[in-house]
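Read off the chains here:
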Amino acid sequence: STHCISSAASDVYKRQIANYDDLSAYMSYADMFTDAPMGLYVYIDLKDSNKHITYVGQSGISLPEKDYYFNQDDKFKNIREKYLILVENMFTLAELDNPAEAAKTVMAIETKIAEGHWTNVQNRDSEKTYNLKSYEEFKALMPDLNMDAWMSGTTLGSVDQVVVSQPDYLEKLNTLVKETSIDDWKTYYTWKLLDAAAGFLPKKFDEENFNFYGTVLSGTTEQKERWKRGISTVN
């Protein structure tokens with residue numbers, strides 16, 4: 001049942017994320033399976049097409065880009081209001097504690113994350129987003145976090161170099177992580193887990209998810225038939 005799932009997940013969080021070292025390790029796990037404020041991937045080196053290299057950059061928000069968190073036009077205010085309702089409803093469906101407060105916590109953290117994000121225009125600059133760092137230089141951008149624990153969780157083992165897409169974002173993230181309580185991060189990551197798993201949970205979760213991402217954000221009024229979505233998932 002949903003209650004059993006949520007209770008089990010809550011117990012895991014309480015047991016396994018007890019401090020910021022634990023949180024650092026969980027960030028890399030979350031990046032692979034749900035979402036995290038810092039994303040990693042391996043791709044062809046844009047400066048040397050004969051090799052692959054590790055890239056790290058901004059992530060962690062649920063709305064399309066940073067302007068959605070700050071633009072004061074009615075359209076964006078409405079989206080933010082509907083997003084809060086989505087998060088609260090999903091916590092309610094999962095039978096988790098204090099869904100309204102949890103939604104506010106998620107929005108507060110995502111807004112702070114978005115403050116440090118580069119804009120879409122900035123991210124299209126391939127020169128400014130290519131910042132080659134040694135592993136030690138990369139760790140120095142976030143001195144208050146256990147980046148060795150984070151790296152071990154990526155399954156890469158170790159790397160000599162990292163291309164950092166937005167260096168000042170990682171510096172701001174370092175401050176944000178330590179200024180935010182462990183309990184609030186657990187709430188944020190619980191949301192990320194619910195959000196990522198919505199399509200695989202009971203129908204009420206899937207419908208709630210689609211009402212926001214499909215209808216409010218994209219203007220789509222009807223989902224594809226379930227069998228078509230099933231085939232798409234397998235493909």
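Small disclaimer: the values here were computed from a predicted structure and weren't measured.

Trainee: Hey, could you run me through the sheet that holds strand β2 (residues 48–58) in this one?
Mentor: By way of backbone hydrogen bonds, the strands of a sheet pair with one another, either parallel or antiparallel. Strand order in the open sheet formed by 4 strands is β1-β2-β4-β3, with mixed pairing between adjacent strands. Either end of the sheet is taken by a strand with one partner, and the two such strands are β1 (38–45) and β3 (131–134). Direction aside, neighbouring strands of the sheet carry axes that sit 35° apart on average. Inspection of the sheet shows β1 paired to β2 by 8 bridges, in the antiparallel sense. Along β2, the bridge assignment pairs tyrosine 41 with tyrosine 55.

Trainee: Just checking my understanding: could you explain the nonpolar core for this structure?
Mentor: The nonpolar side chains of a soluble globular protein tend to be buried with one another. Counting residues in each nonpolar core, the largest one holds 55 residues, and the members touching the most others are Met38, Tyr83, Phe138, Trp150, Leu170, Tyr189 and Trp191. Here the element with the most residues in this core is helix α4 (residues 74–93); it accounts for 8 residues. Residues in contact with phenylalanine 138, not counting those within four places in the same chain, are Val56, Lys133, Met147, Trp150, Met151, Val162, Val164 and Leu170.

Trainee: Just to check I follow, could you spell out the pattern of salt bridges for this structure?
Mentor: Once their charged atoms are close, side chains differing in charge can pair, the charge on each being opposite to the other. Inspection of the entire model under this criterion finds 10 salt bridges. Note that lysine 51 and aspartate 45 form a salt bridge whose closest N and O atoms lie 3.7 Å from each other. Across the pair glutamate 136 and lysine 139 runs a salt bridge whose closest N-O atoms are separated by 3.8 Å. Here glutamate 136 pairs with lysine 139, and both are found in helix α7 (residues 135–140), just 3 residues apart, close to one helical turn. Residue classification places glutamate 136 among the exposed residues on the basis of a relative accessible area of 51%.

Trainee: Hey, could you run me through the layout of surface pockets in this one?
Mentor: Unfilled space is identified by rolling a water-sized probe across the atoms. Of the voids in this model, the second largest pocket is the one considered here, and its volume is about 480 Å³. Lining the second largest pocket are 17 residues, and of these Gly199, Phe200, Asp206, Arg226 and Arg229 lie nearest its centre. When contributions to the lining of the second largest pocket are tallied by element, the ones reaching two or more residues are α11 (203–216) and α12 (226–234). No other element matches α12, which puts 6 residues into the lining of the second largest pocket.

Trainee: Is there a simple way to think about the pairing of strand β4 (residues 161–164) in this case?
Mentor: In summary, the side chains of a regular strand alternate between the two faces of the sheet. Bridging between β2 and β4 involves 3 bridges; their strand directions are parallel. Paired with valine 56 across the strands is valine 164, a residue of β4. Direction of pairing for β3 relative to β4: antiparallel, over a ladder of 4 bridges. Its bridge partner being in β4, asparagine 131 is matched across the sheet by valine 164.

Trainee: How should I be thinking about the environment of tyrosine 20 in this particular structure?
Mentor: Position of tyrosine 20 relative to the elements: it lies in helix α2 (residues 20–33). In this structure tyrosine 20 comes out as partly exposed when scored by relative accessible area, which is 23%. Side-chain polar atoms of tyrosine 20 contact the backbone oxygen of threonine 180, separated by 2.7 Å.

Trainee: Is there a simple way to think about the packing of aromatic side chains in this case?
Mentor: The description of an aromatic ring pair uses the distance of the two centres, along with the angle that the planes make with each other. Applying the stated rule across the entire model yields 13 aromatic pairs. Geometrically, the ring pair formed by tyrosine 26 and tyrosine 29 is tilted, given 5.5 Å between the ring centres and 40° between the ring planes. Residue tyrosine 26 and its partner tyrosine 29 are located together in helix α2, separated by 3 residues, close to a single helical turn. One residue, lysine 47, lies across the ring of tyrosine 130, its end atom 5.2 Å from the ring centre. Against the face of tyrosine 20 rests lysine 178, its NZ or CZ located 5.1 Å from the ring centre.

What counts and what doesn't
Residue positions are counted from 1 within each chain, in the order its sequence is given. Where totals are concerned, whole chains, interfaces and linings use all residues; where local detail is concerned, this predicted model gives features only for residues with pLDDT of at least 70, and gives and counts side-chain atom pairs only at 80 or more. Hydrogens are left out, water is left out, and the side-chain values use all remaining heavy atoms of the structure. Strands pair, by our definition, only if DSSP identifies at least two bridges between them. Here a strand is any run of E in DSSP of at least two residues, a helix any run of H or I of at least four, and the numbering for each starts at the N terminus. In this description, a line fitted to the C-alpha atoms serves as the axis of each element, helices being fitted only across the stretch in contact, and the angle between N-to-C directions of two axes falls anywhere from 0 to 180 degrees. Throughout this description, the term nonpolar core refers to a set of buried Ala, Val, Leu, Ile, Met, Phe, Trp, Tyr and Cys residues connected via side-chain atoms within 4.5 Å. Partly exposed residues are those whose accessible area sits between 20% and 50% of the maximum for their type, while under 20% is buried and over 50% is exposed, using a 1.4 Å probe and protein chains only. In what follows, a contact means two residues having at least one pair of non-hydrogen atoms within 4.5 Å. Salt bridges, as used here, are contacts in which a Lys or Arg side-chain nitrogen is within 4 Å of a carboxyl oxygen on Asp or Glu. A cavity here means a set of points on a 1 Å grid, drawn over the protein atoms and nothing else, where a 1.4 Å probe fits but cannot get out; a pocket is an open set with protein on both sides within 12 Å along at least five of seven lines, and a residue lines either one if it has an atom within 4 Å of a point. Grid points are joined across faces, edges and corners, and a volume is the space filled by probe spheres set on the points. Polar contact is the term for a pair of N or O atoms within 3.5 Å; when the atoms are in protein, one must be able to donate a hydrogen and the other to accept it, and sequence-neighboring residues count only if both atoms are side-chain atoms. Aromatic rings from Phe, Tyr and Trp, taking only the six-membered ring of Trp, are treated as a pair when their centres fall within 6.5 Å; an angle between ring planes under 30 degrees marks them as stacked, one over 60 as edge-to-face, and anything in between as tilted. Geometrically, a lysine NZ or arginine CZ counts as sitting over a ring once it is within 6 Å of the ring centre and also within 35 degrees of the ring normal.

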